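Now for the letters of each chain:
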Protein chains: 4
Amino acid sequence: MGGAQERPLRADAARNRARLLDVATEVFTTRGVGVPTEEIARIAGVGVGTLFRHFPTKEALLEAVMVRRLEEMAARTAQLAAGADPAEAFFACFRLLVEQSEGKNELAGALAAAGVDVHASLQGPTMEIQGRLGDLLAGAQRAGAVRPELGLPEFVALLAGTGRALEQLGADPAPRERIFEVVFDGMRPH
Amino acid sequence: MGGAQERPLRADAARNRARLLDVATEVFTTRGVGVPTEEIARIAGVGVGTLFRHFPTKEALLEAVMVRRLEEMAARTAQLAAGADPAEAFFACFRLLVEQSEGKNELAGALAAAGVDVHASLQGPTMEIQGRLGDLLAGAQRAGAVRPELGLPEFVALLAGTGRALEQLGADPAPRERIFEVVFDGMRPH
Amino acid sequence: MGGAQERPLRADAARNRARLLDVATEVFTTRGVGVPTEEIARIAGVGVGTLFRHFPTKEALLEAVMVRRLEEMAARTAQLAAGADPAEAFFACFRLLVEQSEGKNELAGALAAAGVDVHASLQGPTMEIQGRLGDLLAGAQRAGAVRPELGLPEFVALLAGTGRALEQLGADPAPRERIFEVVFDGMRPH
Amino acid sequence: MGGAQERPLRADAARNRARLLDVATEVFTTRGVGVPTEEIARIAGVGVGTLFRHFPTKEALLEAVMVRRLEEMAARTAQLAAGADPAEAFFACFRLLVEQSEGKNELAGALAAAGVDVHASLQGPTMEIQGRLGDLLAGAQRAGAVRPELGLPEFVALLAGTGRALEQLGADPAPRERIFEVVFDGMRPH
DNA sequence: AATGAATGAGCATTCATTCAT
DNA sequence: GATGAATGAATGCTCATTCAT
C-alpha cells in the first residue's frame, strides 16, 4: 500500500502538529479558508516556519484538515453501523454525519478549486466512508426503511444538502428537527 | 425611503454597467468570487476604473449580482404565484428557485463573510421574495399540500439545501429528479 | 515575425519602465542579482506593483536588462563593423564588447540558473550579435590578422574571459592594457 | 599569530567535518551557492545542527571550501615548481590552476559579496600561492619564456580569465586547447 | 465618463540560525 | 557531540483601489 516511511515524530513536534491541525480546523470552519497562515500559526502558538515544516503548503494544511474530518466520520460511521437495527443505524448515521459536517462545505470547495488531483490523499478516507455508507444504505433499503431507488450519490447529495439547510437555520433546535423530519420522511418508501 | 437621487445614466454607461453585471454573474458563479476585478473588467471589455466607477467596491459588485438574482427570482415567483392551483404553484416555484440558485451559495457566503450590514441593500428584494414565498407557503398549507408546522425559515433552508444537494450531483437528470421527490414527499403532510 | 501587438505605452509609463530598467541594470551589475525587487522599485521611485506590472517576474526583469545590453552591443558592433579596415574593426570591437560587458557575467549566470528556455527572448539579440561577430571574425581572418583556426565559440569565450580578467584587476589602466596586449597578440597568426 | 587553541577533534567529528566540506565543495561548484544549508547537511548524512557546529555561518562554510581549494592549489603549485625547466613548470602550472578553478568563480564572488574582512582566513593560503606563483613567473621571465612587463596581478587576472573562457566552452577538448594556445602565445615575448 | 498605470498592504513561502531533546 | 524541530525576518508576487491623463 505504499505510504511514506514516517519516523515517529518527537513528542513536542507531534503536539505542535496536532495543535496546528486543531486550530486550522476551527479557524477554517468558522472564519473561512482565507485566514492567513501566519494567524493560524500565531493562534497555535508557533512560528510560521513550524507550520510550513509540518504542512508544506497551505493547501496541504487544508487537505490534512479534511482528511482528519473524514477519518473521524469514518470511525463514527463504523461504530454506528455495527449497531443492531439497520434502519435505526442508517438514520442515526445520517444525522451524525450531517451534524459533523457543518462548515465543511467551504473547505471542500477550496480544495476542489485548488487543483487537479488534490483528492489523492482524500481518496482513501472518502472511499472508506462511501463503502460504509453504501452498506448502511443497502441494509436500510433491505429492511424496507428507505426508498429502493435511491443510490449512493443521491444519499451523499442529501447529506450535503441537509447540512447546508441546517447552516441556514440558527441554533434553535425545533426548526432543525423539522428539517430532519422532512428529509427522513422523504427518504422512506412512498 | 425611496433610495438615492439617481441621474438617469448615459446610454453607454448603462450598457457598461449591465455588461459588467452579466460578466460578474457568470464569472463569480462558475469560477468563484476569487477572480480578480481586473479580469472581470477585461472580459467585459472595459477598464478597471469603469468597474469601480459603477461599483465602488468588489463587495458592492457581489451585492449587485445578488440583488439582480433576487429580483429575477422575485419576478418569477410572482408570475407563478399568480397561477391557479396553490399546491402546484408552490412546488413549481420551489423547483424554479432551486434551479435558479445553483452556484449562488458561494456568493452568499462571500457576502456574509464580508461583513456586518451587507444586507442593507439585499433587504428589499429579500423581503419581497420572502413575502411572496410566505404567501405561497401559506396557500399550499391551506390547501393541505404542505405540512402545517413548516415555517418560512425552514422553507428557505430547504431551498438552499436542495440547491446544495443538486450541486453535488452531476448533470444526469434522473438522480436530480429523485432528490426533488424526496424533498417534495417529505414536505407533504404525514 | 510574430511579436505581441504592443500598444505604444503612455508617456509616464514608458518613463517608469525605462527608469526601472536603468536602476535594475545599475543595481544588478554593481550589487548582484540578489537585491530585492522592492529596493529596485524604491530607488526607481515607484511602488513594487509598478515594477511587477512592467516585468511580471524578477526573472523577466533580469532578462530585459540583458536584452537591452545585448541590443546596445549589437548596435555598437554594427557601427564598428561598418568601418574601414577589417582587422582594425575586429580589435576595436573586441575591446568595446569586453569593456561593455563588465559585471554582466553574474547576470548571465543568474539567467542560466533560472531555467530552461529563458533564452527565448535573448535568442534574437544574441543571434544578431553573433552574426555580426562572425562576419567581423571572418573579415579579420581573411585579412590575415587573426589565426584562421579560431571559431566563433572560441572568440566568444575569449571575450568573456578577457572581461573576467579585467574585473580581477583594479582601475589602473596600464595592467588592463597589458591584458589586451596578451590576448590580441595571442589571437594573431603565429 | 598561531590561530585558536584547537582541541584535536574526535574521530567521528573529523569525519563529519571532512564530509561536509566535500559535499559543500561539490554542491556549491555544480549547483551554485544558493543551495540551502539543510540540503548540504542532508547529502552529507548529518543534521543541520552538526553543520553549524562545524561552520558557524554559511559564509564560514564557503570560506572553508575556498581555503581548502587554495591549499590544494598551493600544494600542486609547489610540486610543479620543484620540477626542472622554469618555462615548462610555469605553463604546466598555469594549465593546472586554470583547470582546478573551474566553477570557483561564483564562490569567490559570493565571498566577496558577503562582506568586509572575509579575506582574513584566505590571506594565508592566498599569500602562499601568490608567493609561489611569483617565483614561477619570475623564473619563466628570467628564462625568456614570458614577457617581462607582466606582473603578478596580470598573471592572476589571466588565470581567472582563462578559467572563465573555458567555462564558456563545452567539454570538447579541441577549442579548449585553442584557448590555451592563444593565451600562452600571448604571454610569450613579442 | 473611461482608461489603465500606479500604489502598497497583504500573503504564501524559504532559509540561515538557534536550542531543546 | 549530534539531531532536527522551531524560529521569524525577508522575499517575490497579487490584487483591490485610486487618480492622472
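This text gives an overview of the structure that appears in the document. These figures come from a predicted structure and were not determined experimentally.

1. Some details on empty space enclosed by the protein
Here comes step 1: A full pass over the atoms with the stated rule returns two cavities of 30 Å³ or more.
Here comes step 2: Around the largest cavity, the lining residues are Leu-158, Gly-161, Thr-162, Ala-165 and Val-183 of chain A together with Ala-157, Leu-158, Gly-161, Thr-162, Ala-165, Ile-179 and Val-183 of chain B.
Here comes step 3: Of all elements in the fold, only α8 (152-168) of chain A together with α8 (152-168) and α9 (173-187) of chain B reach the threshold of two or more residues within the lining of the largest cavity.
Here comes step 4: Ranked by the residues each element gives to the lining of the largest cavity, the list is headed by α8 of chain B, at five residues.
Here comes step 5: Its residues assigned to classes, the lining of the largest cavity comprises eight nonpolar, four polar and no charged.
Here comes step 6: Its volume calculated, the second largest cavity comes out at about 70 Å³.
Here comes step 7: Lining of the second largest cavity is provided by Leu-158, Gly-161, Thr-162, Ala-165 and Val-183 of chain C together with Leu-158, Gly-161, Thr-162, Ala-165, Ile-179 and Val-183 of chain D.
Here comes step 8: Each residue belonging to the lining of the second largest cavity can be placed in one class, and the counts come to seven nonpolar, four polar and no charged.

2. What to know about the relation of the copies chain A and chain B
Here comes step 1: Expressed as a screw transformation, the operator carrying chain A onto chain B has a rotation angle of 179 degrees and an axial translation of 0.1 Å, and the superposed copies differ by an RMSD of 0.3 Å. A rotation of that kind, with that shift, is consistent with a two-fold axis.

3. A few points about the interface of chain A and chain B
Here comes step 1: On the side of chain B, 25 residues touch chain A, which itself brings 25 residues to the contact.
Here comes step 2: Summing both sides of the interface, chain A and chain B together bury roughly 2100 Å²; the carbon and sulfur share of this comes to 68%.
Here comes step 3: Here chain A is connected to chain B by six salt bridges.
Here comes step 4: The shortest N-O distance in the salt bridge between Arg-147 of chain A and Asp-185 of chain B comes to 3.0 Å.
Here comes step 5: Applying the counting criterion to the chain A and chain B interface returns six residue pairs in polar contact (both at pLDDT 80 or more).

4. Here we look at the interface of chain C and chain D
Here comes step 1: Counting from both sides, the interface comprises 25 residues of chain C and, opposite them, 25 residues of chain D.
Here comes step 2: Carbon and sulfur atoms make up 68% of the area that chain C and chain D hide from each other, which totals about 2100 Å².
Here comes step 3: At the junction of chain C with chain D, the criterion picks out six salt bridges.
Here comes step 4: Notably, a salt bridge pairs Arg-147 of chain C with Glu-181 of chain D, separated by 3.5 Å at the nearest N-O pair.
Here comes step 5: Put simply, the parts of the chain that give the side of chain C that touches chain D at least two residues each are α8 (152-168) and α9 (173-187) of chain C.
Here comes step 6: A per-element tally of the side of chain C that touches chain D places α8 of chain C first, with ten residues.
Here comes step 7: Looking at the side of chain C that touches chain D residue by residue, the class counts come to 13 nonpolar, five polar and seven charged.

5. Here's the deal with the relation of the copies chain C and chain D
Here comes step 1: Once turned by 179 degrees and shifted 0.0 Å along the axis, chain C lies on chain D with an RMSD of 0.2 Å.
Here comes step 2: An overlap of 100% is found between the interface residues of chain C and their copies at the interface of chain D, pointing to a shared contact surface.

6. Focus: the protein's contact with DNA strand E
Here comes step 1: As a structural note, the neighbourhood of DNA strand E is formed by 33 residues, with Lys-58 of chain A, Thr-50 of chain B together with Asn-16, Thr-50 and Arg-53 of chain C the closest of them.
Here comes step 2: The sugar-phosphate share of atoms of DNA strand E within 4 Å of the protein amounts to 68%.
Here comes step 3: At 2.7 Å from a phosphate oxygen of DNA strand E is found a side-chain nitrogen or oxygen belonging to Lys-58 of chain A.
Here comes step 4: Elements represented by at least two residues in the surface near DNA strand E include exactly α3 (48-54) of chain A, α1 (11-31) and α3 (48-54) of chain B, α1 (11-31) and α3 (48-54) of chain C together with α3 (48-54) of chain D.

7. As for the environment of Ala-92 of chain D
Here comes step 1: Relative to the helices and strands, Ala-92 of chain D is located in helix α5 (residues 86-100).
Here comes step 2: Sequence separation of Ala-92 of chain D and Thr-77 of chain D is 15 residues, and the distance between their C-alpha atoms is 9.3 Å.

8. As for the packing of α5 of chain D against helix α9 (residues 173-187) of chain D
Residues and elements named next belong to chain D.
Here comes step 1: Two numbers describe how α5 lies on α9: the axes approach to 12 Å, and their chain directions differ by 135 degrees. As summarised for this structure, α5 and α9 are arranged oblique, according to the angle between their axes. Like other packed secondary-structure pairs, α5 and α9 cross with a definite hand, here right-handed. Mapping the contact onto sequence places Phe-90, Phe-91, Phe-94, Arg-95, Val-98 and Glu-99 in α5 and Glu-177, Phe-180, Val-183, Phe-184 and Met-187 in α9.
Here comes step 2: Across the contact of α5 with α9, the residue classes break down as eight nonpolar, no polar and three charged.

9. Let's talk about the protein's contact with DNA strand F
Here comes step 1: With respect to spatial proximity, 33 residues lie near DNA strand F, and among them Asn-16, Thr-50 and Arg-53 of chain A, Lys-58 of chain C together with Thr-50 of chain D are the closest.
Here comes step 2: Among all atoms of DNA strand F positioned within 4 Å of the protein, those belonging to sugar or phosphate total 71%.
Here comes step 3: With respect to DNA strand F, the side chain of Thr-50 of chain A contributes an N or O atom lying 2.6 Å from a phosphate oxygen.
Here comes step 4: Separating a phosphate oxygen of DNA strand F from a side-chain N or O atom of Asn-16 of chain D is a distance of 3.2 Å.
Here comes step 5: Listing elements by their share of the surface near DNA strand F, those giving two or more residues are α1 (11-31) and α3 of chain A, α3 of chain B together with α1 (11-31) and α3 of chain D.
Here comes step 6: In the surface near DNA strand F, the residues fall into twelve nonpolar, 14 polar and seven charged.

10. A look at helix α5 (residues 86-100) of chain A
Here comes step 1: In this model, α5 of chain A (15 residues) spans 21 Å end to end at C-alpha, consistent with the 21 Å of a helix rising 1.5 Å per residue.
Here comes step 2: Considered for burial, the residues of α5 of chain A that qualify are Ala-87, Ala-89, Phe-90, Phe-91, Cys-93, Phe-94, Leu-97 and Val-98 of chain A.

11. Digging into the packing of aromatic side chains
Here comes step 1: Scanning all chains against the criterion turns up 24 aromatic pairs over all chains.
Here comes step 2: With 5.5 Å between their ring centres and 80 degrees between their planes, Phe-94 of chain C and Phe-184 of chain C make a pair best called edge-to-face. Of the two residues, Phe-94 of chain C sits in helix α5 (residues 86-100) while Phe-184 of chain C sits in helix α9, which places them 90 residues apart along the sequence.
Here comes step 3: By relative accessible area, which is 0% here, Phe-94 of chain C ends up buried.
Here comes step 4: Overall, the relative accessible area of 8% leaves Phe-184 of chain C in the buried class.
Here comes step 5: Three or more aromatic residues joined by ring pairs make a cluster, and in this case those are Phe-90, Phe-91, Phe-94, Phe-155, Phe-180 and Phe-184 of chain A.
Here comes step 6: When the ring centre of Phe-91 of chain C is taken as reference, the NZ or CZ atom of Arg-188 of chain C above it lies at 4.8 Å.

The rules we used
- Residues numbered from 1 in each chain as written.
- Chains lettered and ligands numbered in written order.
- Predicted model: local features only at pLDDT ≥ 70, side-chain atom pairs only at ≥ 80, totals over all residues.
- Heavy atoms only, no water.
- 1 Å grid on protein atoms, 1.4 Å probe; cavity = no way out; pocket = protein on both sides within 12 Å on 5 of 7 lines; lining within 4 Å.
- Points joined across faces, edges and corners; volume = space filled by probe spheres on them.
- Helix = DSSP H or I, 4+ residues; strand = E, 2+ residues; numbered from the N terminus.
- Nonpolar A, V, L, I, M, F, W, Y, C, P; charged D, E, K, R; others polar.
- Least-squares fit on C-alpha atoms with pLDDT ≥ 70 in both.
- Contact = heavy atoms within 4.5 Å.
- Buried area = accessible area lost by both parts, 1.4 Å probe.
- Salt bridge = Lys/Arg side-chain N within 4 Å of Asp/Glu carboxyl O.
- Polar contact = N/O pair within 3.5 Å; in protein donor to acceptor, adjacent residues only side chain to side chain.
- Near = heavy atom within 4 Å.
- Axes fitted to C-alpha atoms, helices over the stretch in contact; angles between N-to-C directions.
- Parallel < 35°, antiparallel > 145°, perpendicular 65-115°, else oblique.
- Left-handed = near helix turned anticlockwise from the far one by under 90°.
- Expected span 1.5 Å × (residues − 1).
- Buried < 20%, exposed > 50% of the residue type's maximum accessible area, 1.4 Å probe, protein only.
- Phe/Tyr/Trp six-rings, centres within 6.5 Å; stacked < 30°, edge-to-face > 60°.
- Lys NZ or Arg CZ within 6 Å of the ring centre and 35° of its normal.

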